[in-house]
Amino acid sequence: MLEEQFDAPRQFCMATHSMIIRSSSSSSPSSAFADSSPLRETLLPLFSIRSLTFQRKSCFSRLRLRFFAEKHSQLDSSNGCATNFASLQECRLSPLVSNHNLLALNVKLVLCCFVKFSKFVRLLSLAGEQVTEEHVTKGESTLSITVVGASGDLAKKKIFPALFALYYEGCLPQDFSVFGYARTKLTHDELREMISGTLTCRIDQRENCVDKMDQFLKRCFYHSGQYNSEEDFAELNTKLKEKEAGKLSNRLYYLSIPPNIFVDVVRCASLRASSVSGWTRIIVEKPFGRDSESSGELTRCLKQYLTEEQIFRIDHYLGKELVENLSVLRFSNLVFEPLWSRNYIRNVQLIFSEDFGTEGRGGYFDQYGIIRDIMQNHLLQILALFAMETPVSLDAEDIRSEKVKVLRSMKPLLLENVIVGQYKEHSKGGKAYPGYTDDPTVPNHSLTPTFAAAAMFINNARWDGVPFLMKAGKALHTRGAEIRVQFRHVPGNLYKKNFATDLDKTTNELVIRVQPDEGIYLRINNKVPGLGMRLDRSDLNLLYRSRYPREIPDAYERLLLDAIEGERRLFIRSDELDAAWDLFTPALKELEQKKIIPELYPYGSRGPVGAHYLASKYNVRWGDLEDA
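Residues numbered from 1 in each chain as written. Predicted model: local features only at pLDDT ≥ 70, side-chain atom pairs only at ≥ 80, totals over all residues. Heavy atoms only, no water.

Colleague: Please explain the overall build of the protein as it appears in this structure.
Modeller: The number of helices and strands found in the protein is 19 helices and 20 strands. The buried share of the protein, taken over its 628 residues, is 52%. Sequence separation of at least 24 residues holds for 77% of the intrachain contacts in the protein that already meet a minimum separation of 6. Approximately 29,100 Å² of the protein is accessible, and the part contributed by carbon and sulfur atoms is 51%. (Helix = DSSP H or I, 4+ residues; strand = E, 2+ residues; numbered from the N terminus. Buried < 20%, exposed > 50% of the residue type's maximum accessible area, 1.4 Å probe, protein only. Contact = heavy atoms within 4.5 Å. Areas by Shrake-Rupley, 256 points an atom, 1.4 Å probe, with all protein chains shown as cover.)

Following this line, the structure appears as structure tokens:
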């Protein structure tokens, strides 16, 4: 069946090209469709294929391809590639099977028609799907969201609540359904009961909250199956079709599962449960491999079944409000853009800290460590957004291309510029906190780092010589994520004597606090009111909860909405992923081959002392120390 569908356009193109030439001398405009004409004999069998059989009086028989122009002028085909149906009018195929004259078609037109027609065949391959003329002309469509790994913590705590928030805000299409898929045996009602406790409404929008929850839960369904079973996904496909009711179907899969089963799920979903009339997109959670080799192999395997346009590699930190605001802050404010270079910036610090340990996730965490879990993705993505050149536009490809340029300009991380640590048990306030290796899921002699600090450099004209310092750790004294930009000292500062010998106290600093208590503040030097000349460091503070009382959407809400709308700006492209792994893989391999022992630090402390020596090596003081 599929071979017939994809062979039909090929026959159509070849036949039309040859028949035009043969018929060019015909005296009758409609002689090309005479009963015995070669063109009729070649074209009519193409429309006898079961998937392309239409009623004579239907507008489908005339193939007027302009019916998607209004609401779906830019749709994605089921393989993820853009299909602009409005532009098909340029081919002027209307009407194809009629008595109109086809003799004006030329070779260039035939090539255009072949490309468009080959994609259109997939749309029209739904005789058995009950796609009616009324559905198409009205542009009716439905969205099916399948959360694979629906019984896991990520799905329960983040994905389902984010989907409900989008529904509550009216951001989901009118006709949608949510399916959970996992190996756990559950009924529809058991799934609804499981996720209902995690759904919340906006603080400032409590009205009709319970009613909204009930309406959302009625759209949630469950299907149990194996992740590597095509038969189980075929059954899922049947259930999805029941909900789609023959409408134009768009399908989004969220893989909330371990990476070792990504490919199995993608294979089964692509072959057995992919949309044949709309688009199919798949969101893939990190980690994307352990190094360059495994990441590259994962990408190659995924692309056996998907196009790059169908793969949405999610890094939820890119959906954070302050991270998305980073480019606005820089490119929309003249006060910052001229300063954004080595001429004025002394160093940049990217700091991530958690005040809890692995908490039972040690078995998973031990396979990756803090560098792979946080630095190679979250912090490096923020670095690329921070340091990139001005993109040509806000188009996703323009932004991602600039990020790739930054990553390719960076020196691979050297072992001498890395400090690793691991938290140990500690008692504080009469309470005992366990060490990393006390976790029963972690090997007793594990060398996996729970803390890392690194210094990286960008080899381009804008950032040459500026150290980009990263620091990430678990079981530290506080929870937070921030970007700190420390500017250079004022040349010939008239007031340096007021700061004694500590010139760092005179440094202007821009701090972008990603979480918690989102905010932006600029540290300046200021005169303390009163007689005499006493200087003080003050903050020009934009605290989001004060300026914007509305609750900030969760990162997963923004990223899910972007995936539904086909916006790829905040998702990671394959070449971007390759460039990121190239920076960290050499140091990671060296750490493991040499079995570097991490420096121990007490649970709830500021981390290993080695991090301060690394910063001082580049004449830098960690900015978060002054906020303690």
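And the narrative resumes.
Colleague: What should I look at first to understand helix 7 (residues 188–196) in this one?
Modeller: Residues spaced three or four apart along an α-helix point in a common direction, a consequence of the helix completing one turn every 3.6 residues. All of the buried residues in helix 7 are Leu191, Arg192 and Ile195. The buried residues of helix 7 all sit within an arc of 100° when viewed along its axis, so they share a single face. Away from its buried face, by an angle of more than 90 degrees, helix 7 presents the exposed residues Asp189 and Glu193. In the core, the buried residues of helix 7 are packed alongside helix 6 (153–168), strand 4 (176–182), helix 8 (209–217) and strand 5 (220–224). (Arc of directions from axis to C-beta.)

Colleague: Honestly, the packing of helix 14 (residues 369–387) against helix 15 (residues 396–408) in this entry has me stumped. Any pointers?
Modeller: When two helices pack together, their arrangement is captured by the angle between the axes and the distance separating the axes. At their nearest, the axes of helix 14 and helix 15 sit 9 Å apart, and the two run at 105° to each other. Considering their axes alone, helix 14 and helix 15 lie roughly perpendicular with respect to each other. When helix 14 is examined against helix 15, the residues Leu380, Gln381, Leu383, Ala384, Leu385 and Ala387 are found in contact with a partner set consisting of Ile399, Lys403, Val406 and Leu407. Here the residues of the contact of helix 14 with helix 15 sort into eight nonpolar, one polar and one charged. (Axes fitted to C-alpha atoms, helices over the stretch in contact; angles between N-to-C directions. Parallel < 35°, antiparallel > 145°, perpendicular 65-115°, else oblique. Nonpolar A, V, L, I, M, F, W, Y, C, P; charged D, E, K, R; others polar.)

Colleague: I keep staring at the sheet that holds strand 14 (residues 468–473) and nothing clicks. Help me out?
Modeller: In a beta sheet, neighbouring strands pair by backbone hydrogen bonds and run either parallel or antiparallel. Pairing is mixed across the open sheet formed by nine strands, whose spatial order is 18-17-16-15-9-14-13-10-20. Looking at the sheet topology across the chains shown, the edges are occupied by strand 18 (535–543) and strand 20 (599–602). On average, each strand axis in the sheet is tilted by 20° relative to the strand beside it, whichever way the strands run. Of the pairings in the sheet, the one linking strand 13 (residues 451–456) to strand 14 comprises six bridges and is antiparallel in character. Within the sheet, the bridge partner assigned to alanine 455 lies in strand 14 and is leucine 469. Sheet contacts for helix 14: strand 9 (345–353), strand 10 (418–424), strand 13, strand 14 and strand 15 (480–487); angle to strand 14, the most-contacted strand, approximately 145°. (Pairing = 2+ DSSP bridges.)

Colleague: Is there a simple way to explain a nonpolar patch on the surface in this structure?
Modeller: Judged by side-chain polarity, Leu494, Tyr495 and Met533 come together as a nonpolar surface patch covering roughly 340 Å² of accessible area. As for its position among the elements, methionine 533 is in the loop between strand 17 (519–527) and strand 18. For methionine 533, a relative accessible area of 42% puts it in the partly exposed group. (Patch = residues over 30% accessible without salt bridge, like charges linked within 9 Å, V, L, I, M, F, W, Y side chains within 5 Å. Salt bridge = Lys/Arg side-chain N within 4 Å of Asp/Glu carboxyl O.)

Colleague: Just to check I follow, could you spell out the pairing of strand 13 for this structure?
Modeller: Consecutive side chains along a regular strand alternate between the two faces of the sheet. By the criterion of burial, strand 13 is predominantly enclosed, with six of the six residues buried. The side-chain alternation of strand 13 yields two buried faces, one formed by Phe451, Ala453 and Ala455 and the other by Ala452, Ala454 and Met456. Two elements, strand 10 and strand 13, share four bridges in a ladder whose sense is antiparallel. Opposite valine 420, over in strand 13, you have alanine 452 as the bridge partner.

Colleague: Please clarify how the nonpolar core should be interpreted in this entry.
Modeller: Soluble globular proteins tend to pack their nonpolar side chains together in the buried interior. One finds Phe216, Ile371, Phe386 and Phe584 to be the most contacted residues of the largest nonpolar core, which totals 146 residues. In terms of residues, this core owes the most to one element, helix 14, which gives 12 residues. Apart from residues no more than four positions distant in its own chain, phenylalanine 216 is found in contact with Phe160, Leu163, Phe164, Tyr167, Phe176, Val178 and Leu199. (Core = buried A, V, L, I, M, F, W, Y, C linked by side-chain atoms within 4.5 Å.)

Colleague: Before we go on, may I ask you to explain the pattern of salt bridges in this structure?
Modeller: Side chains that differ in sign of charge can pair as their charged atoms come close. For the coordinates displayed, the defined rule picks out 35 salt bridges. Between glutamate 592 and arginine 372 there is a salt bridge, and its shortest N-O distance comes to 2.9 Å. Of this pair, glutamate 592 sits in helix 18 (residues 574–593) while arginine 372 sits in helix 14, and the two are 220 residues apart along the sequence. Note on glutamate 592: relative accessible area 41%, which makes it partly exposed. Of the charged contacts in the structure, one is a salt bridge between aspartate 539 and arginine 523, with a shortest N-O distance of 3.2 Å. Of the two residues, aspartate 539 is situated in strand 18 and arginine 523 in strand 17; the sequence distance between them amounts to 16 residues. Judged by relative accessible area, aspartate 539 falls into the partly exposed class, the value being 39%. Overlapping salt bridges, with partners in common, bring together Glu321, Glu324, Arg558, Glu567 and Arg569 in one network.

Colleague: Sorry, what's going on with the packing of helix 11 (residues 292–302) against helix 18 here?
Modeller: At a minimum axis distance of 8 Å, the contact between helix 11 and helix 18 shows a crossing angle of 155°. The pairing of helix 11 with helix 18 is recorded here as roughly antiparallel in orientation. On the side of helix 11, the interface is formed by Ser292, Glu293, Ser295 and Thr299, while helix 18 contributes Ser574, Leu577, Trp581, Asp582, Thr585 and Lys589. Considered class by class, the residues forming the contact of helix 11 with helix 18 number two nonpolar, five polar and three charged.

Colleague: It is not clear to me how the packing of aromatic side chains should be interpreted in this structure. Could you clarify?
Modeller: Any pair of aromatic rings gets described here by the distance separating the centres and the angle formed by the planes. Scanning the model with the defined rule gives 24 aromatic pairs in all. Taking 5.7 Å as the distance between ring centres and 40° as the angle between the ring planes, the aromatic pair formed by phenylalanine 386 and tryptophan 463 counts as tilted. Here the residue phenylalanine 386 occupies a position in helix 14, and tryptophan 463 occupies one in the loop between strand 13 and strand 14, the gap between them amounting to 77 residues. Overall, the relative accessible area of 1% leaves phenylalanine 386 in the buried class. Looking at lysine 320, its charged tip hangs above the ring of tyrosine 317, at a distance of 5.1 Å from the centre. (Phe/Tyr/Trp six-rings, centres within 6.5 Å; stacked < 30°, edge-to-face > 60°. Lys NZ or Arg CZ within 6 Å of the ring centre and 35° of its normal.)

Colleague: When you look at the pairing of strand 17 in this model, what are you seeing that I'm missing?
Modeller: Relative to strand 17, strand 16 (residues 509–515) runs antiparallel, the two sharing five bridges. Following the sheet pairing, glutamate 509 is matched in strand 17 by arginine 523. Adjacent in sequence and paired antiparallel, strand 16 and strand 17 are bridged by three residues, among which aspartate 517 carries a positive phi angle near 50°. Pairing analysis gives nine bridges linking strand 17 to strand 18, with the strands arranged antiparallel. Following the sheet pairing, isoleucine 520 is matched in strand 18 by leucine 542.

Colleague: Where do I start with helix 15 in this structure?
Modeller: Compared with an ideal rise of 1.5 Å per residue, which puts 13 residues at 18 Å, helix 15 spans 18 Å between its outermost C-alpha atoms and is within 8% of the ideal. What helix 15 keeps buried is the set Ala396, Ile399, Arg400, Glu402, Lys403, Val404, Val406 and Leu407. Where helix 15 is buried, its residues meet helix 14, strand 19 (571–572) and helix 18. Where helix 15 begins, the side chain of aspartate 395 points an oxygen toward the backbone nitrogen of glutamate 397, at a separation of 3.0 Å. (Expected span 1.5 Å × (residues − 1). Polar contact = N/O pair within 3.5 Å; in protein donor to acceptor, adjacent residues only side chain to side chain.)

Colleague: Can you help me understand the side chain of glutamate 482 in this one?
Modeller: Structurally, the position occupied by glutamate 482 is in strand 15. Assessed through its relative accessible area of 14%, glutamate 482 is described here as buried. Polar side-chain contacts of glutamate 482 include one of 2.6 Å to the side chain of arginine 484.

All quantities given are derived from atomic positions and should not be read as evidence of function.
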